[in-house]
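Here are the chains, one letter per residue:
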Amino acid sequence: MPIISTIGFVMYPTEKTMTEPVVQREVVITNSQGLHARPTAALVQMMKSFKASVKIEIRSKSADARSMMSVLALGGTTGDHARIAAEGVDAAEAVDAVEALLTTEDDD
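Here's what I pulled together on the structure shown here. What you see is a predicted model, and the numbers here were worked out from it, not measured in a lab.

Calculation rules
- Residues numbered from 1 in each chain as written.
- Predicted model: local features only at pLDDT ≥ 70, side-chain atom pairs only at ≥ 80, totals over all residues.
- Heavy atoms only, no water.
- Salt bridge = Lys/Arg side-chain N within 4 Å of Asp/Glu carboxyl O.
- Helix = DSSP H or I, 4+ residues; strand = E, 2+ residues; numbered from the N terminus.
- Buried < 20%, exposed > 50% of the residue type's maximum accessible area, 1.4 Å probe, protein only.
- Arc of directions from axis to C-beta.
- Pairing = 2+ DSSP bridges.

Counted by the stated rule, this structure contains three salt bridges. The salt bridge involving Arg25 is made with Asp96; its shortest N-O contact spans 2.8 Å. Of this pair, Arg25 sits in strand β3 (residues 22–28) while Asp96 sits in helix α3 (residues 91–103), and the two are 71 residues apart along the sequence. Arg25 gets classed as buried once you look at its relative accessible area, which sits at 16%. Overall, Asp96 belongs to the partly exposed group, its relative accessible area being 40%. The network of salt bridges with common partners includes Arg25, Asp96 and Glu99.

What follows is the structure in C-alpha cells.
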C-alpha cells in the first residue's frame, strides 16, 4: 500500500520504512543568502541535534544535510526549489528545521 507524503510523492513501504517515519517536503529557498557558507554551516550544526537522516535535492543534485561540502556543492540560491527528505524517529522535526532555515532571513 503506497504512502503519500504531504506534497504528493508516492512512496512504497520497505522493511525499513515500516518502522522509520519518512517525511518529504518541497520548498522554495527564500533566504537571500541561499545555501552559501554561513547558512550551510548553520544547517550542518543544526543536523547534529537530530537522529534522522536528511537529504536535500536541488536541480537533480542530492546532498546529505550533515555534509558541509555536499550541501555547498548543491549551489542553492534564492528562488531554487529544494526537496527535503528525512527518515528516522524525528524526521518531521528535522524537515521543519531545514525548511525554516531555507525560508527565513538571518539578521546577521
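Alright, that's what it looks like, and here's the rest.
The backbone phi angle of Arg59 is positive, close to 50°, even though this residue is not glycine. Under the relative-accessibility criterion, Arg59 is labelled partly exposed at 47%. Non-glycine residue Ser60 carries a positive phi angle of around 65°.

Looking now at helix α1 (residues 37–47). Along α1, the residues classified as buried are Pro39, Thr40, Leu43, Val44 and Met47. Along the axis of α1, the buried residues cluster in a sector spanning 135°; they form a single face.

One ladder, built from four bridges, connects strand β4 (residues 53–58) with strand β5 (residues 61–64); its direction is antiparallel. Each residue of the ladder has a partner; that of Ile56, found in β5, is Ala63.

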